[in-house]
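# Chain and residue survey
Listed here are the chains, written in short residue letters.
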Amino acid sequence: MNESVAAENLKTMPLDIEQIRRDFPILHQQVNGKPLVYLDNAATAQKPHQVIETVAAYYRLDNANVHRGVHTLSQRATDAYEGAREKVKTFLNAASEQEIVFVRGATEGINLVAQSFGRESLQAGDEILITEMEHHSNIVPWQMLCEQTGATLKYVSINDAGELNLEEFDRLLTDKTRIVALVHISNALGTINPVEAIIRKAHAVGARVLLDGAQAAPHIAVDVQALDCDFYVLSGHKLFAPTGIGVLYGKQSLLESMPPYQGGGDMIKMVSMKKTLYNDLPYKFEAGTPHISGAIGLGAAIDYLNNIGLDRIQQYEHELLEYGSRVLAGIDDLTIKGTAAKKTSILSFVLKGIHPHDIGTILDNEGIAIRAGHHCAMPIMERFGLPATARASLAFYNTREEIDRLAAAIIKCREIFN
Amino acid sequence: MFDLQDLYQEVIVDHNRSPRNFGKLETANHVLEGFNPLCGDRLTLYVETDGDIIRNISFDGSGCAISVASASLMTEALKGKHMDEARRLFNEFHDLLTKDNDIDLDTYGKLAALAGVRAYPSRVKCATLCWHTLNAVLQGEQTPVSTE
Ligand SMILES: Cc1ncc(COP(=O)(O)O)c(C=O)c1O
């Protein structure tokens, strides 16, 4: 068998979860006397030792500032940092590295677009269209922009399953709409939005589209050229990489036309006392010393994911989600919130008569980490008339046995309160 | 490790299931809201005073078992009490949840059921929300109370 056939076979083989779990050192510990079950991956994902080691090796061997030294370490640091950018470019299938801007995370990416692109191009009477299922990071920057420019913010509502009301989207999208910003995959409900159709329609009225991919990039393959989105943001820490690093993808022509977001070192070509010549893309948007080790760690995380294959990950997570949905649906008085036909590995639920925070505490006592609260998406909670939900969010290192432990612990909640 | 039964004692489960003094109090002359922005707990406290005496007190809103039970127990403990006594209880309750030693649980009556919260730092705010709201009423404040 030649090597490429072997590689192809490997890509269709089921995941070896035991092997994968060995890559994540943090998973092998006891919490409150029980083996840890980590089901809070939508908040932040755990890091494989390939990422941890890459970051540590960078500090042990190569640490220096980038883009400014003639010395060897600086060259190595620059090569590694720019190498990571190239990996992100390939991962998202961007047309060029110049379209990949390193930022702190999805939040900073959205703020950058709002304050640079939005502030420059919007005026009173213009409209920004978002949805009821946005994370606060894709609401507040647009509210701020509306205050600054006099533009109006509109929201597309969602149905009981947690899917966008597309007829309403069609109604709200007009030639006044300048920006459409929405979540690719919802962090509170798991819904995968039909972004291709939305982007096509938005472009037809001349609007620009930003996708919040914080929850999509870890679970499905993203191709920004096929999507034809104008901006795409993601957070490294949800993608098995360090905190404090994220990516803004923007179409080159747009990024070129946009003013800088912050001023400082690295984003300039030449500074005199009178005038400054801004640097080329993507450096125009990377003022100051960047999070070098974070970017390198993100590159390592992308290598790790590519080795496993996002298709296989998606397949495995889909089966796990189906199993989890079935098991949880079998528990009395439990209701799953977010039942979109197309969704990823999020199980948001409520238990009759038991507040999500009490569920969170009882589960923690069983060594199970979930999130309880509004998930930084208060408009969704308002939509469903709930103060909070409990949320188990899965990753490819989770197992059916862990779902079974989750179910047993939920049943224990009912015993305590009944 | 801490035993869950210490947190969710019978008294707490009972007061969560059937909170006492729950609902709007039409005769209240002080009404104040309290929020816990982190978890979305929100309650409204209704207090009817007669001079320095808390004649009647009730609450409504939504929250976790700890915050509901705490508010229920608090209203029970305060009905008919002098405001000075309420202030004293506020301080004592605060000590109960934040100080490790030198607490004589016997002096707390039913409120002692909340002592288990001490072992769960992330839940202390749930138990103290109603008390902070009460404290604001006692100080004559009008603006909603937030635990952040
Ligand atoms: C859908 C979504 N968007 C944006 C964010 C914000 O990401 P960060 O806090 O990493 O900037 C999150 C994080 O929870 C998210 O789930």
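Structure shown above.
A few points on the structure. (Residues numbered from 1 in each chain as written. Chains lettered and ligands numbered in written order. Predicted model: local features only at pLDDT ≥ 70, side-chain atom pairs only at ≥ 80, totals over all residues. Heavy atoms only, no water.)

Scanning chain A for helices and strands turns up 15 helices and 17 strands. By its C-alpha atoms, chain A is 75 × 55 × 45 Å across when sized along the principal axes. A burial count over chain A gives 56% of its 418 residues as buried. Here the contacts in chain A between residues at least 6 apart in sequence split such that 70% fall between residues at least 24 apart. (Helix = DSSP H or I, 4+ residues; strand = E, 2+ residues; numbered from the N terminus. Buried < 20%, exposed > 50% of the residue type's maximum accessible area, 1.4 Å probe, protein only. Contact = heavy atoms within 4.5 Å.)

Bringing the packing of aromatic side chains into the picture now. Residue and element names in this part refer to chain A. Per the counting criterion, the structure on display carries 14 aromatic pairs over all chains. Members of the aromatic cluster, connected to one another through ring pairs, are F24, F240, Y304, F396 and Y397. One cation-aromatic arrangement involves R383 over F384; the distance from NZ or CZ to the ring centre is 5.1 Å. (Phe/Tyr/Trp six-rings, centres within 6.5 Å; stacked < 30°, edge-to-face > 60°. Lys NZ or Arg CZ within 6 Å of the ring centre and 35° of its normal.)

Residues and elements named next belong to chain A. Lining the immediate environment of the ligand, one finds 13 residues, of which T107, D212, Q215, S235 and K238 sit closest. Between D212 and the ligand, the recorded distance is 2.5 Å, taken from a side-chain N or O atom to a nitrogen atom. Between an oxygen atom of the ligand and a side-chain N or O atom of K238, the distance comes to 2.6 Å. Across the shell around the ligand, the residue classes break down as three nonpolar, eight polar and two charged. (Near = heavy atom within 4 Å. Polar contact = N/O pair within 3.5 Å; in protein donor to acceptor, adjacent residues only side chain to side chain. Nonpolar A, V, L, I, M, F, W, Y, C, P; charged D, E, K, R; others polar.)

This paragraph deals with the nonpolar core. Counting 155 residues, the largest nonpolar core has L92, V180 and F396 of chain A together with Y8 and I66 of chain B as its most contacted members. Residue assignment places this core across two domains, with domain 1 (3–46 + 309–417) and domain 2 (52–306) of chain A each supplying three or more. The residues contacting I66 of chain B, other than those within four sequence positions of it, are D358 of chain A together with L7, Y8, I12, L114, V117, R123, C126 and A127 of chain B. (Core = buried A, V, L, I, M, F, W, Y, C linked by side-chain atoms within 4.5 Å. Domains from an automatic or database assignment.)

With that settled, the discussion passes to the packing of helix α2 (residues 10–17) of chain B against helix α3 (residues 65–78) of chain B. Residues and elements named next belong to chain B. Running from amino to carboxyl end, α2 crosses α3 at an angle of 90°, the nearest separation of the two axes being 8 Å. One way to sum up the angle between α2 and α3 is to call them roughly perpendicular. In this structure, α2 uses V11, I12, H15 and N16 to contact α3, whose residues at the interface are A65, I66, V68, A69, S72, L73 and E76. Within the contact of α2 with α3, the residues separate by chemical class into seven nonpolar, three polar and one charged. (Axes fitted to C-alpha atoms, helices over the stretch in contact; angles between N-to-C directions. Parallel < 35°, antiparallel > 145°, perpendicular 65-115°, else oblique.)

With that settled, consider the environment of G353 of chain A. Residues and elements named next belong to chain A. Turning to its location among the elements, G353 is positioned in the loop between β14 (346–351) and α13 (356–365). On the basis of relative accessible area, G353 is assigned to the exposed category, the value being 66%. Separated by 129 residues in the primary sequence, G353 and V224 have C-alpha atoms spaced 44 Å apart.

What follows deals with the layout of surface pockets. In this structure, the largest pocket occupies an estimated 600 Å³ of space. Lining the largest pocket are 26 residues, with H357, G360 and T361 of chain A together with S122 and R123 of chain B sitting closest to its centre. For the lining of the largest pocket, the secondary-structure elements that each account for two or more residues are α13, β15 (368–369) and β16 (371–373) of chain A together with α5 (124–138) of chain B. With five residues, the single largest contributor to the lining of the largest pocket is α13 of chain A. Split by residue class, the lining of the largest pocket holds twelve nonpolar, nine polar and five charged. Here the second largest pocket is characterised by a volume of approximately 490 Å³. Contributing to the lining of the second largest pocket are 23 residues, with K352, G353, I354 and H355 of chain A together with N16 of chain B lying nearest its centre. For the lining of the second largest pocket, the secondary-structure elements that each account for two or more residues are β14 of chain A together with α2, β3 (53–62) and α3 of chain B. The class makeup of the residues in the lining of the second largest pocket is 13 nonpolar, seven polar and three charged. (1 Å grid on protein atoms, 1.4 Å probe; cavity = no way out; pocket = protein on both sides within 12 Å on 5 of 7 lines; lining within 4 Å. Points joined across faces, edges and corners; volume = space filled by probe spheres on them.)

Facing the 16 residues of chain A at the interface are 19 residues of chain B. Roughly 1,400 Å² is buried in total at the junction of chain A and chain B, and carbon and sulfur atoms are behind 57% of that figure. Of the charged contacts in the structure, one is a salt bridge between D358 of chain A and R123 of chain B, with a shortest N-O distance of 2.8 Å. Across the contact surface, chain A and chain B share seven residue pairs in polar contact (both at pLDDT 80 or more). For the side of chain A that touches chain B, the secondary-structure elements that each account for two or more residues are α13 and α15 (400–417) of chain A. For the side of chain A that touches chain B, the leading source of residues is α13 of chain A, giving five residues. Class assignment for the residues of the side of chain A that touches chain B results in five nonpolar, nine polar and two charged. (Buried area = accessible area lost by both parts, 1.4 Å probe. Salt bridge = Lys/Arg side-chain N within 4 Å of Asp/Glu carboxyl O.)

A word on the packing of helix α5 (residues 106–121) of chain A against helix α6 (residues 140–149) of chain A. Residue and element names in this part refer to chain A. Direction vectors running N to C along α5 and α6 enclose 20°, while the axes themselves pass 9 Å from each other. With respect to α6, the axis of α5 lies roughly parallel. Judged by the twist between their axes, the crossing of α5 over α6 is right-handed. Between α5 and α6, the contacting residues are I110, N111, V113, A114, Q115, G118 and R119 on the first element and P141, W142, L145, Q148 and T149 on the second. Each residue belonging to the contact of α5 with α6 can be placed in one class, and the counts come to six nonpolar, five polar and one charged. (Left-handed = near helix turned anticlockwise from the far one by under 90°.)

This next bit is on the side chain of R312 of chain A. Secondary-structure assignment places R312 of chain A in helix α12 (residues 310–329). A polar atom in the side chain of R312 of chain A sits 2.6 Å from the backbone oxygen of M13 of chain A.

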